[in-house]
Amino acid sequence: MSADPALGFWLRYVEREGGLWEERGDVSLAVLPPSLSSLGLPETILATADPEAAREDGAQLLGPGHPALDHATDDVLERGDAGWTYVPWPGSSRPAISTLQARARDCVALERGRLDVVPPLSACYAPLLRAGALATYTLSPDQRIQERLETWVDARNGLCLGVRVRQVLEGCSRLSEPDSPNPRLRAAPETAVAGAHATLQRWAAARLSGYARHAGSARERERACATAYFAAALDTLTRRRASASGDRQEALDGQVEATRAERARRLQEIDEAYQPGVELRPFRLHLVSVPALRVCARVRLGAVTHDLPLVWLLAPLAGFAPAPCPACGAAEPLVAARAGLGCRGCRR
Amino acid sequence: MRRRATALGTPELEPAAFSADGRATGTVPAPAYDQLLATLAAGRPVDEEVSRLVDEAAALWARPGFETFMSLPRLRFEPFDYQLRAAERVLRQMRGRAILADEVGLGKTIEAGLVLSELRLRGLAGRSLVVVPAGLVTQWREELERKFALPSVLATGADWRAAESVGEQAVVVASLAAARRAPLRDALVTTHWDLVVVDEAHRVRRARSASGRLARLLRSRYLLLLTATPVENRLADLYELVSLVRPGHLGTPQQFRQRHGQGARSRGPGGSGPAPKGSTQTVRELPALRVRSREVMVRHRRSEVALMLPCRLAQTLKVAPAGDEAALYAAVSERVRADGRAASSSLTLQLRAVQRLAGSSPRALAPTLERVGWRDLAARARQVTGSAKARALVSLLRRHRDRGDKVLVFSGFRETLAFLGETLTDAGIATVVYHGSLGRRDKDAVVAAFRDDAPVLLATEAAGEGRNLQFCHTMVNFDLPWNPMQIEQRLGRLHRIGQDHEVLLTNLVTTGTIEQRILDVLEAKVNLFELVVGELDMILGRVDEEFDFERAVFDAHVSSADDGELAGRLDALGDELARARTAYLDSRARVDALAGEETEE
């Protein structure tokens with residue numbers, strides 16, 4: 001397989017589309033399937049990422065910017081990547097109740113009362129959603145930055161998972177079928193997607209703000225500077241033209257035209273520098289079922305008892321999924337206070 | 001931000017909340033999710049192969065901020081940090097319009113190539129034009145291809161678009177001399193370029209020169225001006241260049257003159273008197289001007305980037321020719337001188353080649369003498385079977401072999417290489433031969449054989465282009481190019497980044513030849529072998545924009561009545577080069593005063 005990432009991708013794409021390829025020294029011989037005939041390439045081509053090999057062996061130089069590669073990239077991203085997958089059920093034993101109890105107490109700030117984890121614990125698969133989107137930051141029409149963003153949320157409620165959990169999940173092996181008969185908790189895909197999308201938007205906005213910082217607040221100063229400069233330049237050209245001979249006048253007309261075009265370009269450049277924007281294009285949704293335990297955390301506030309359902313994600317994640325406020329559903333830290341159990345907003 | 005979760009209370013078990021038609025229920029934030037959600041609703045497992053393909057496509061699609069160099073993995077070399085930082089500054093802070101004003105030899109071409117490569121990879125510079133002095137066209141094309149893997153096409157009077165490769169747009173390279181004249185000029189100025197690079201951009205400073213007019217008529221979103229001397233004697237030089245990349249940045253001409261142009265006079269260069277009005281010695285508010293200049297200009301000095309190469313030591317072995325060799329050389333020189341005075345330009349080129357071959361070897365000379373119709377001289381050349389220089393080379397190589405040195409031997413002529421190959425083989429010295437006509441794989445094989453086995457590489461100028469020869473640190477010029485840039489390029493094959501040893505160069509010259517006189521001029525007047533890479537070009541460029549040393553030497557030869565007169569003419573040429581060298585050093589100091597940085601950022 002070609003060491004060049006672009007060429008390697010393209011060859012795999014050709015193969016995926018039903019074509020064939022093989023390496024021949026410094027070049028690759030590819031037989032394109034009929035579905036790629038619209039690319040305008042011959043059915044059989046030699047492709048390479050090495051300009052020297054392209055020149056000497058008459059091969060197609062296939063690197064970033066080549067229409068065939070752009071087509072493949074767009075096609076693959078347009079179709080996207082969606083499906084279900086499972087994290088293998090771990091062989092290790094369940095955590096002790098005391099461990100769960102200690103970690104549950106980290107989830108709820110106890111101003112009053114007490115919190116206990118009460119049996120039974122039931123094994124299940126917790127649905128998590130991995131969502132990916134391509135972010136295009138437009139700083140000006142000629143300056144775009146494109147990045148890939150990915151997030152993980154709890155697919156039951158759209159709440160964003162912590163950084164550590166996300167990192168561990170990305171390294172987990174996956175199965176296409178569950179390797180345990182345990183039931184799956186119900187996912188709410190639209191809520192999950194909404195939550196993921198909101199997270200991605202928030203991240204993108206922060207990135208955009210960073211990128212646009214260079215634009216600064218000097219727009220008017222820059223504009224005034226450029227306007228005065230071009231006015232002076234055009235004035236000089238006009239005066240020179242008035243006293244020039246016929247041939248010379250023609251040449252100066254050309255310079256006037258070029259100066260005006262340059263003025264428009266420069267002023268547009270200044271204006272555009274201050275109008276940043278961002279667009280998200282989703283390309284991935286994976287519903288990942290993760291081995292988990294359903295845990296009931298019982299919070300006693302005087303005579304009142306609240307049963308808070310929690311989900312413990314088994315090793316290697318080893319942590320609770322984020323718990324929404326039982327009253328309002330907000331993704332806020334929970335507190336057990338005189339007024340009851342909920343987020344600070346609800347208990348105020 | 002607050003969101004209401006929809007799955008509260010006792011967790012429900014599967015299935016996921018899809019409606020009967022398989023669509024997700026509720027509000028989907030963007031229609032673009034519909035297709036992905038439909039796949040989820042169908043309950044299909046993730047296809048790992050598709051996932052991998054999508055990851056690769058996303059990586060290729062991505063265009064991260066300019067703090068990340070996407071083109072880095074595609075480069076065929078490792079740029080220095082300061083070059084990457086310069087390119088990043090150009091891309092992020094200068095928005096792709098900048099003056100690259102590093103001291104010579106620090107890699108302005110590399111910095112421009114990084115910017116060009118990065119913009120192209122991001123789809124921002126499909127239409128790219130590089131305008132360079134004619135002598136640098138080949139070098140630019142080689143660098144673009146070998147270092148940046150970018151195909152290029154030479155724009156001549158014809159329509160270059162026909163020569164562009166299918167698919168990826170090639171970088172258009174044009175010589176400044178051709179580009180400023182119709183019809184190429186008309187084609188270039190009516191094209192809307194994404195990026196224009198002008199090398200040796202001090203040549204486009206003056207708005208009323210043909211080159212200056214061309215630069216002001218070219219339309220481009222991004223513009224890179226490369227020059228080690230953005231300022232000569234006039235402060236207006238700087239203003240003109242800055243106004244090209246960012247019009248209005250230094251104000252109108254009047255504002256600029258008022259602010260910076262009429263400061264208190266200081267003494268002129270050398271303290272010999274007041275500096276002239278408008279010169280760089282009369283700058284007012286210099287700190288403010290330096291700040292504004294740095295916003296559009298990158299300049300590194302050698303002392304700042306600690307780019308130190310090992311020493312290079314040059315020695316000249318003057319070899320007395322045998323009687324028949326000397327007689328042949330004298331006869332050929334006399335014939336060239338006689339026929340050269342009224343020769344057409346094509347004959348002049350032939351005669352120049354003949355004279356150079358006479359300084360190389362009789363074996364190489366004979367076929368060319370035959371071609372120009374000098375059969376009597378060709379017969380004499382064939383009768384000269386030995387070569388004093390070749391014998392000297394054998395002795396020299398034996399000494400190097402005994403020390404275990406690898407030696408790169410240059411000749412400008414393949415016939416001479418063949419002769420040397422036979423001579424050295426007869427002397428029991430193994431050699432491999434490298435020249436431009438070899439295919440890529442053969443070139444690789446020759447370099448590998450030289451590295452692993454053969455002690456001597458016999459090569460034409462093509463040796464080492466894009467190849468790593470730094471395992472060798474000894475070279476011999478069996479014959480001397482008349483073009484001093486070629487001498488420097490030969491030396492640069494070994495004396496370059498990655499070379500850990502002192503480089504030893506031996507010039508073999510036959511006494512009484514033009515090559516000996518050239519070497520005397522270049523060593524005594526210009527200190528050729530003490531210059532850093534690139535400085536020679538700056539010096540030669542100062543004599544005249546179109547100055548051609550080789551042509552000047554030949555003209556001096558044919559227009560001189562005898563060798564004594566030739567010696568006087570070459571001496572005068574040497575004095576002119578010496579003045580150009582002094583002017584170059586003065587200019588470098590002025591640029592540092594105006595555009596240099598006290599400390600590296």
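Starting from 1, residues in each chain are numbered consecutively following that chain's sequence as written. By the order in which they are written, chains take letters starting at A while ligands take numbers starting at 1. A pLDDT threshold of at least 70 governs which residues receive local features in this predicted model, and a stricter bar of 80 or more applies before side-chain atom pairs are shown or counted, although totals over entire chains, interfaces and linings include all residues.

Caption draft 1: Fine view of the sheet that holds strand β9 (residues 407-410) of chain B. All names here are of chain B. In this scheme, strands are said to pair when DSSP sees at least two bridges between them. A helix here means a DSSP run of H or I that spans at least four residues, while a strand means a run of E at least two residues long, and both kinds are numbered starting from the N terminus. Ordered by their spatial adjacency, six strands build an open sheet running β8-β13-β12-β9-β11-β10, and the pairing between neighbours is parallel. Of all strands in the sheet, those with a lone pairing partner are β8 (312-319) and β10 (431-434), marking the two edges. Pairwise comparison of adjacent strand axes, ignoring direction, gives a mean angle of 20 degrees for this sheet. Pairing between β9 and strand β11 (residues 456-459): four bridges, direction parallel. Paired with Phe-410 across the bridge in β11 is Ala-459. C-beta atoms are first placed from the backbone for all residues, and any pair lying within 7 Å is then listed as a contact. Note on definitions: angles span 0 to 180 degrees between N-to-C directions of axes, and those axes are lines fitted to C-alpha atoms, for helices only across the stretch in contact. Helix α18 (residues 414-426) rests against β9, β10 and β11 of the sheet, and its axis sits at about 175 degrees to β10. Packing of helix α21 (residues 514-526) onto the sheet brings it into contact with β8 and β13 (503-510), and relative to β13 it is tilted by some 135 degrees.

Caption draft 2: The arrangement of the packing of helix α3 (residues 81-92) of chain B against helix α4 (residues 108-121) of chain B in detail. Residue and element names in this part refer to chain B. Across the interface, α3 lies against α4 with an axial gap of 9 Å and an inter-helix angle of 50 degrees. Looking at the two axes, α3 sits oblique to α4. As for the relative orientation of α3 and α4, their crossing is right-handed in sense. Residues Gln-83, Leu-84, Ala-86, Ala-87, Val-90 and Leu-91 of α3 touch α4, and the partners they reach there are Ile-110, Glu-111, Leu-114, Val-115 and Glu-118. In these notes the angle categories are as follows: under 35 degrees is roughly parallel, over 145 is roughly antiparallel, 65 to 115 is roughly perpendicular, and the rest is oblique. Take the far helix as the reference: if the near one is turned anticlockwise from it by less than a right angle, the crossing is left-handed, and if turned clockwise, right-handed.

Caption draft 3: Quick peek at helix α14 (residues 345-358) of chain B. All names here are of chain B. Take the number of residues in a helix, subtract one, and multiply by 1.5 Å to get its expected span. For α14, spanning 14 residues, the distance from its first C-alpha to its last is 20 Å, which sits close to the expected 20 Å at 1.5 Å a residue. Counts of 20 or more other C-beta atoms within 10 Å of a residue's own C-beta define buried residues, counts of 12 or fewer define exposed ones, and intermediate counts define partly exposed ones; C-beta atoms are placed from the backbone. Where α14 is concerned, the buried positions are Leu-351, Arg-352, Val-354, Gln-355, Arg-356, Leu-357 and Ala-358. The inward-facing, buried residues of α14 abut α13 (323-340), α15 (362-371), α21 and α23 (549-559).

Caption draft 4: Geometry of the sheet that holds strand β4 (residues 171-175) of chain B. Residues and elements named next belong to chain B. A sheet is described by the order of its strands in space; here seven strands give the open sequence β3-β4-β2-β5-β6-β1-β7, paired in parallel fashion. Unpaired on one side and paired on the other, β3 (152-154) and β7 (297-298) mark the two borders of the sheet. Sheet analysis places strand β2 (residues 128-132) next to β4, joined by four bridges and oriented parallel. Of the residues in β4, the one forming a bridge with Val-131 is Ala-174.

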